[in-house]
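# Summary of structural features
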Amino acid sequence: MKKLLAVLLVAMLALSALCVASAEAKTYKVGVSIYQYTDNFMTLYRNEIENYFKTLETDDVKYEITMADAKNDMAEQTNQVQNFITQGMDVIILNLVQTSSADAVIEQIVDAGIPLVLINREPLGDDGDESYAGILDNPQVCYVGADARQSGTFQGEMVAELENHGDINGDGKISYIMIEGDPENIDAQYRTEFSVKALTDAGYEVECLDDQVGNWDQTKGQELCATDLTTYGDQIEVVFCNNDAMALGAATAIQTAGRTVGEDIYLLGVDALAEAIDLIKAGEMTGTVLNDHIGQSHAAVDVAVKLLNGEEIENYYWVDYVKVDKAYAEANY
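Attention in this report is confined to the structure presented alongside it. (Residues numbered from 1 in each chain as written. Predicted model: local features only at pLDDT ≥ 70, side-chain atom pairs only at ≥ 80, totals over all residues. Heavy atoms only, no water.)

## Quick look at the overall build of the protein chain
Test applied: Under the scheme used here, helices are H or I runs from DSSP no shorter than 4 residues and strands are E runs no shorter than 2 residues, and both carry numbers assigned from the N terminus. Relative accessibility thresholds used throughout: buried, under 20% of the residue-type maximum; exposed, over 50%; partly exposed, between the two (1.4 Å probe, protein chains only). Throughout, a contact is declared for two residues whenever any of their heavy atoms are within 4.5 Å. For the accessible areas, the method is Shrake-Rupley and the probe is 1.4 Å, while residue cover comes only from the protein chains on display.
The helix and strand inventory of the protein chain stands at twelve helices and twelve strands. The buried share of the protein chain, taken over its 333 residues, is 48%. Here the analysis covers contacts within the protein chain between residues at least 6 apart in sequence; of these, 75% occur between residues at least 24 apart. Accessible surface computed for the protein chain: about 15,000 Å², of which carbon and sulfur atoms make up 49%.

Here it is as structure tokens:
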């Protein structure tokens, strides 16, 4: 009888300890606002944020993720941030709609004392400077992303590395069209500038036939490329697109116009989306630049966890781009 009582007592104590441990488990509330769910790259990015948080959960620590689509509307995103603050989020991960008017929404989060991880779209200050002073001044705010100057440079270098250096008709200059993303986005600005700069720095003459805004959209990329192919015809030797979504649209326009990538035109994108990789391997796209959504999303989550744990962080975390031409695509995908 005494042995039975002893066993029961041990069992009760174990159960009590288990209940206490369970009661002590901490659930952190994480608010994530993405500028637009329909963006191909950010869909991969946000899904990986959720997946990676799940892998970091333990019996003692859980993460409750609230994901929101800002629908490319700054007012909508501001409202989402205000809701996050009201809901008492422990950390906020923010993919800005408008990088040039980020100050107000960032300050709301900072004033609420909530740690902030900015991702993918580097905010601009009121003076248009590429860095926002609030990031550098606050130990609970950081930016995680990739240097878009590198992605633009890689696009230009892939053209320069071609046997004819992009000068298909041999007239001594590279005639191109540029399809840009959001003109307010620093990534779009840098990709536009540095893709061409890589060619001029290498000593090649360039000619811009047209430069239009496609707002990262595949359908718009197709429309703009189709119009330019009609207007400029064989004059177009290179099509630069700030992202793969627009490049996929341009690829359709090129095919419809009866042009052949690699023979009478070249096409470059950024992101290394699966669909773009398939086109590169098939010879229907010249190249892209890997925008590492896994590396970036993991870095963003890791630093968010550091902030939740009260650890010191850096203000900037950079993840390198990678050139993806046909040889690289065939070897790695």
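Having seen it, we continue.
## Here we look at the sheet that holds strand E6 (residues 173–180)
Sheet strands line up and pair through hydrogen bonds in the backbone, either parallel or antiparallel. The criterion, for reference: Strands are labelled as partners when DSSP assigns at least two bridges between them. Only the stretch in contact is used when fitting a helix axis, every axis being a line fitted to C-alpha atoms; angles between N-to-C directions are given from 0 to 180 degrees.
Here we have four strands laid out as an open sheet, ordered E7-E6-E8-E9, and parallel in their pairing. Each edge of the sheet is formed by a strand with only one pairing partner; in this case those strands are strand E7 (205–213) and strand E9 (266–268). On average, each strand axis in the sheet is inclined to that of its neighbour by 20 degrees, with strand direction left out of account. Where strand E8 (residues 238–241) lies against E9, three bridges are found, and the strand directions are parallel. Paired with Phe240 across the two strands is Leu268, which belongs to E9. Set on the sheet, helix H7 (residues 186–201) makes contact with E6, E7 and E8; between it and E6 the angle comes to about 170 degrees. Together, E6, E7 and E8 form the strand contacts of helix H8 (residues 218–232), whose direction differs from that of E7 by roughly 130 degrees.

## Comments concerning empty space enclosed by the protein
Filter applied, for reference: Each cavity reported here is a set of points on a 1 Å grid over the protein atoms alone in which a 1.4 Å probe fits but cannot get out, each pocket an open set with protein on both sides within 12 Å along at least five of seven lines, and each lining residue one with an atom within 4 Å of a point. Grid points are joined across faces, edges and corners, and a volume is the space filled by probe spheres set on the points. Polar here means any residue outside two lists: the nonpolar Ala, Val, Leu, Ile, Met, Phe, Trp, Tyr, Cys and Pro, and the charged Asp, Glu, Lys and Arg; Gly therefore counts as polar.
The full count for this structure, using the stated rule, is one cavity of 30 Å³ or more. Reported here for the largest cavity is a volume of approximately 120 Å³. If you trace the largest cavity, you find 13 residues lining it, with Asp39, Phe41, Asn120, Arg191 and Trp216 closest to the centre. For the lining of the largest cavity, the secondary structure elements donating two or more residues are helix H2 (40–55) and H7. Residues that form the lining of the largest cavity fall into these classes: four nonpolar, four polar and five charged.

## Points about the environment of Phe41
Along the chain, Phe41 falls in helix H2. Taking the C-alpha atoms as reference points, Phe41 and Leu273, 232 residues apart in sequence, are found 7.3 Å from one another. Each residue touching Phe41, except ones within four places of it in the same chain, is listed here: Asn120, Asp271, Leu273, Asn291, His293 and Gln296.

## Overview of the packing of helix H6 (residues 148–160) against H7
Keep this limit in mind: Helix crossings get a hand from a simple test, with the near helix turned counterclockwise from the far one by less than a right angle marking a left-handed crossing and a clockwise turn marking a right-handed one.
Between H6 and H7, the shortest axis-to-axis distance is 7 Å and the interhelical angle comes to 35 degrees. Here H6 runs over H7; the crossing is right-handed. When H6 is examined against H7, the residues Ala148, Arg149, Ser151, Gly152, Thr153, Gln155, Gly156, Glu157, Val159 and Ala160 are found in contact with a partner set consisting of Asp187, Tyr190, Arg191, Phe194, Ser195, Ala198 and Leu199. Across the contact of H6 with H7, the residue classes tally to seven nonpolar, six polar and four charged.

## Regarding the layout of surface pockets
Roughly 190 Å³ of internal volume is contained in the largest pocket. Considering the residues around the largest pocket, the lining is formed by 14 residues, among which Leu162, Met285, Thr286, Gly287 and Lys326 are closest to the centre. Looking at side-chain class alone, the lining of the largest pocket contains seven nonpolar, four polar and three charged residues.

## What about the pairing of E6?
What counts, and what does not: Seen with the strands pointing away from the viewer, any crossover whose path from the first strand over the helix to the second strand runs clockwise is right-handed.
Counted residue by residue, E6 has seven buried out of eight residues, so it is predominantly covered. Pairing analysis gives eight bridges linking E6 to E7, with the strands arranged parallel. In the sheet register, Met178 faces E7, and the bridge partner there is Asp211. Where the polypeptide runs from E6 across H7 and back to E7, its parallel neighbour, the crossover connection is right-handed.

## Let's talk about the nonpolar core
Counted only if it meets this: Within this scheme, the nonpolar core is defined by two criteria: the residues are buried Ala, Val, Leu, Ile, Met, Phe, Trp, Tyr or Cys, and they are joined through side-chain atoms within 4.5 Å.
Val117, Ile119, Val239 and Leu267 are the most contacted members of the largest nonpolar core, which totals 78 residues. Apart from the residues within four sequence positions on either side, Leu267 is in contact with Val239, Cys241, Ala247, Ala250, Ala251, Ile254, Val261, Glu284, Met285, Thr286 and Gly287. Ala148, Val159, Leu268 and Val289 belong to the second largest nonpolar core, which has 22 residues in total.

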